[in-house]
Amino acid sequence: MGIRSVLSKPFAAFVVREQREWEQKAPDYQHKTLKNLVSKASNTVFGSDHGFKDIRTYDDFKKQVPVRDYEALKPYVEKMLTGQNDVLWPGKPAYFAKTSGTTSGTKYIPITKESIPNHINSARNAILNYVHETGNAKFLDGKLIFLSGSPVLDQKAGINTGRLSGIVNHHVPGYLRTNQLPSYATNCMEDWEAKVDKIVEETIDQDMTLISGIPPWVQMYFDRIVEKRQLPVKDVFKNFSLFIYGGVNFEPYRQKLFDTIGKKVDSVETYPASEGFIAFQDKQDDPGLLLLANSGIFFEFIPADEYFNESPTRLSLDQVELNTNYALIINSNAGLWGYSIGDTVKFISKDPYKLLVTGRIKHFISAFGEHVIGEEVENAMKKTLESFPEADIVEFTVAPNVTPEKGLPRHEWFIEFSKMPADMAAFKSSLDNSLQKLNSYYFDLISGNILEQLHIIPVKKNAFIDYMRSIGKLGGQNKLPRLSNDRKMAEELLKYKE
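Definitions and limits used
Residues numbered from 1 in each chain as written. Predicted model: local features only at pLDDT ≥ 70, side-chain atom pairs only at ≥ 80, totals over all residues. Heavy atoms only, no water. Helix = DSSP H or I, 4+ residues; strand = E, 2+ residues; numbered from the N terminus. Rg over C-alpha atoms; globule rule 2.2 N^0.38 Å. Buried < 20%, exposed > 50% of the residue type's maximum accessible area, 1.4 Å probe, protein only. Contact = heavy atoms within 4.5 Å. Areas by Shrake-Rupley, 256 points an atom, 1.4 Å probe, with all protein chains shown as cover. Patch = residues over 30% accessible without salt bridge, like charges linked within 9 Å, V, L, I, M, F, W, Y side chains within 5 Å. Salt bridge = Lys/Arg side-chain N within 4 Å of Asp/Glu carboxyl O. Core = buried A, V, L, I, M, F, W, Y, C linked by side-chain atoms within 4.5 Å. Phe/Tyr/Trp six-rings, centres within 6.5 Å; stacked < 30°, edge-to-face > 60°. Pairing = 2+ DSSP bridges. Axes fitted to C-alpha atoms, helices over the stretch in contact; angles between N-to-C directions. Parallel < 35°, antiparallel > 145°, perpendicular 65-115°, else oblique. Polar contact = N/O pair within 3.5 Å; in protein donor to acceptor, adjacent residues only side chain to side chain. 1 Å grid on protein atoms, 1.4 Å probe; cavity = no way out; pocket = protein on both sides within 12 Å on 5 of 7 lines; lining within 4 Å. Points joined across faces, edges and corners; volume = space filled by probe spheres on them. Nonpolar A, V, L, I, M, F, W, Y, C, P; charged D, E, K, R; others polar.

Q: Is there a simple way to think about the overall build of the protein chain in this case?
A: In terms of regular secondary structure, the protein chain is built from 18 helices and 20 strands. A globule of 498 residues ought to have a C-alpha radius of gyration of about 23 Å, and the protein chain, at 23 Å, matches this closely. Counting all 498 residues of the protein chain, 54% fall into the buried class. Considering only intrachain contacts with a sequence separation of at least 6, the fraction spanning at least 24 residues in the protein chain is 67%. As presented, the protein chain carries roughly 21,500 Å² of accessible surface, and 49% of it is formed by carbon and sulfur atoms.

Q: Explain a nonpolar patch on the surface to me, please; I cannot follow it from the model alone.
A: Residues Ile-3, Val-6 and Leu-7 make up a contiguous nonpolar surface patch of about 300 Å² in total accessible area. Mapped onto the fold, Leu-7 is located in helix 1 (residues 3-23).

Q: What should I look at first to understand the environment of Lys-383 in this one?
A: Its location among the elements puts Lys-383 in helix 14 (residues 374-387). Taking the C-alpha atoms as reference, Lys-383 lies 53 Å from Gln-84; in sequence the two are 299 residues apart.

Q: I'm lost on the nonpolar core in this one. Help?
A: In a soluble, globular protein the nonpolar side chains are often hidden away together inside. Residues Phe-52, Phe-61, Tyr-271, Phe-301, Trp-337 and Phe-347 are the most contacted members of the largest nonpolar core, which totals 77 residues. The dominant element in this core, judged by the number of residues it contributes, is helix 6 (residues 116-134), at 7 residues. In this structure, Phe-301 is in contact with Leu-291, Thr-313, Arg-314, Leu-315, Ser-316, Leu-317, Val-320, Tyr-326, Ala-327, Leu-328, Val-345 and Phe-347, ignoring residues within four places of it in sequence. By size, the runner-up hydrophobic cluster in this structure holds 45 residues, among which are Phe-414, Ile-457, Leu-474 and Leu-480.

Q: Is there a simple way to explain the packing of aromatic side chains in this structure?
A: For any two aromatic rings, the description comes down to two numbers: the centre-to-centre distance and the angle of the planes. Across all of its chains, the model carries 23 aromatic pairs by this definition. Residues Phe-52 and Trp-337 carry aromatic rings whose centres are separated by 4.9 Å and whose planes lie at 75 degrees to one another, so their mutual orientation is edge-to-face. Of the two residues, Phe-52 sits in the loop between helix 3 (45-49) and helix 4 (58-64) while Trp-337 sits in the loop between strand 13 (326-332) and strand 14 (339-350), which places them 285 residues apart along the sequence. Assigned by exposure class, Phe-52 and Trp-337 land together as buried. Between Trp-192 and Trp-217, the aromatic rings sit 6.2 Å apart at their centres with planes inclined by 65 degrees, giving edge-to-face as the arrangement. Note that Trp-192 is positioned in helix 10 (residues 192-203) and Trp-217 in helix 11 (residues 215-229), a separation of 25 residues in sequence. Of the two residues, Trp-192 and Trp-217, both sit in the buried class.

Q: Any chance you could explain the sheet that holds strand 18 (residues 392-401) here in plain terms?
A: Either a parallel or an antiparallel arrangement is found when strands of a sheet pair, and the pairing is made through backbone hydrogen bonds. With mixed pairing, 3 strands are arranged side by side in an open sheet as 18-19-20. Strands at the two margins of the open sheet, each flanked by one partner only, are strand 18 and strand 20 (455-458). Direction aside, neighbouring strands of the sheet carry axes that sit 25 degrees apart on average. Taken together, the 9 bridges between strand 18 and strand 19 (residues 410-419) define a ladder with antiparallel strand orientation. Across the sheet, residue Phe-396 finds its bridge partner in strand 19, namely Ile-415. Across the face of the sheet, helix 15 (residues 424-438) comes into contact with strand 19 and strand 20 while running at roughly 125 degrees to strand 19.

Q: For this particular structure, what's the right way to read the packing of helix 15 against helix 16 (residues 440-447)?
A: Helix packing for two helices is described by the angle between their axes and how far apart those axes are. Where helix 15 contacts helix 16, the axes come no closer than 5 Å and their chain directions differ by 125 degrees. Put simply, helix 15 runs oblique to helix 16. Taking contact as the criterion, the partners of Asp-432, Leu-435, Gln-436 and Leu-438 in helix 15 are, on helix 16, Ser-440, Tyr-442, Phe-443 and Ile-446.

Q: Looking at this structure, how should I read the environment of Glu-23?
A: Along the chain, Glu-23 falls in helix 1. As a C-alpha pair, Glu-23 and Pro-110 span 87 residues in sequence and 27 Å in three-dimensional space. When near neighbours in sequence (up to four residues on either side) are disregarded, Glu-23 contacts Asp-282, Leu-290 and Pro-352. Among the polar contacts listed, one links the side chain of Glu-23 to the side chain of Arg-20, at a separation of 3.5 Å.

Q: Is there a simple way to think about empty space enclosed by the protein in this case?
A: It is the rolling of a water-molecule-sized probe over the atoms that shows where space remains empty. In the structure shown here, the tally under the stated rule is 3 cavities of 30 Å³ or more. Roughly 50 Å³ of volume is contained in the largest cavity. Lining the largest cavity are Pro-110, Ile-111, Ser-115, Asn-118, His-119, Glu-275, Gly-276, Ser-295, Ile-297, Ser-332, Asn-333 and Ala-334. Broken down by secondary-structure element, the contributors of at least two residues to the lining of the largest cavity are strand 2 (106-111) and helix 6. When grouped by side-chain class, the residues that make up the lining of the largest cavity number 4 nonpolar, 7 polar and 1 charged. Its volume calculated, the second largest cavity comes out at about 40 Å³. Lining the second largest cavity are Ile-111, Ile-116, His-119, Ile-120, Leu-164, Ile-167, Val-168 and His-171. Secondary structure elements with two or more residues in the lining of the second largest cavity: helix 6 and helix 7 (164-169). Partitioning the lining of the second largest cavity into residue classes produces 6 nonpolar, 2 polar and no charged.

Q: In this structure, what is going on with the layout of surface pockets? I would like to understand it.
A: For the second largest pocket, the calculated volume is near 540 Å³. For the lining of the second largest pocket, the secondary-structure elements that each account for two or more residues are helix 11, helix 13 (251-261), strand 18, strand 19 and helix 17 (463-470).

Q: Sorry if this is basic, but what is going on with the sheet that holds strand 12 (residues 297-303) here?
A: Ordered in space as 6-3-7-8-9-10-11-15-14-13-12, the 11 strands form an open sheet in which the pairing is mixed. Because the sheet does not close on itself, it has two edges, and the strands there are strand 6 (180-181) and strand 12. Note: strand 3 (residues 143-146) against strand 6, 2 bridges, orientation parallel. The residue of strand 6 that forms the bridge with Ile-145 is Leu-181.

Structure, rendered in structure tokens:
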């Protein structure tokens, strides 16, 4: 064993011991976090505007600080973009993470020197939890790849600005940087397809042991490896043993990815966002993600069905219930206050607090009052694929058709199959029945003949890649929406019909 793998085990044991301390008292640590955040930001512009000096309790905080999205926070961000100090957090941000907003154009999410450890140490601790649990540390001696956006940073008001993955790239620990791929020059490439080809060239003859990235883009990388060598990934990277992913639900991609690899490898799910690293999977046999309750973020939760109400219920961690969908709200040492990141989560454990990401608060179908969410369509697809083992999919998305040329309104599923089901009609019926069982409103609409059974629209090979390329969002941290409540994406995807 190499020096990295040897030293990682005692370090992992230390990290997990510390983790056990706060995870057993997570609500207490959360309320301490809120108190510290409010105290440190009391003299900022935001703190002054919202009476931070008078806040003593969480109830006080809720009265003083409304829930906001980026658009509502934007006036404060614009003050920072003109160079003003002490706006949302003392001093100036260390970085702005640049993301694409649907209504706000480019979003600039502040990252402070106090919040950087949340991003860096959380990713590190996800790996160390795996080492501690499994005893497998050998992968740390091989080559590691993190498929991510460019680390090239611009400047806004003298503040380094770029994609979160690019910012994080500048903080990869020195002991990992020597075995990290691809090269810095390749990582800086903006053209995703050219970049993937170059990554393949740099890695195909290396001893790749850990591979990390968003599943659909890792699949693209693997496909090109297989195409070049005419071998499964396991025969190209013989010591590849750990896949780390985040950003999307892995289940729709799992079977095809492992088929391409040629064997099952261990995987660790993470939940990073530009606004903060939220949670990670700490047990191989448990899909729940451990909420990071002691990492500079105070979390709030709004029942998802109340989110668009004028005065929705806001809950702290000790008030949440299991198996309820919540919109996730964060308050952090990056200077985000009452900030809605747009995700929905549900807790599957409170000892310790573990959650699943269930979708996006604005990604749903409710054209007919059914309010179908991402978790439901993904679980319906998973259940159906289990019943049709000969079938395999690459990607899919769902949209309503309110005024079809023939028949009743319906949901339309755009699916790229790598292997078609033997009986498409039976596959469609199984998929529809699975969704009816998961969503009672959808069941009522089908049984009441308000909607007809879903329609499947098979699309051509690489249809979703071509679509993402056409809108300038191919690769990196970009994700395909699983659901749309309108026809904008559906109309474009019709161009790729089989």
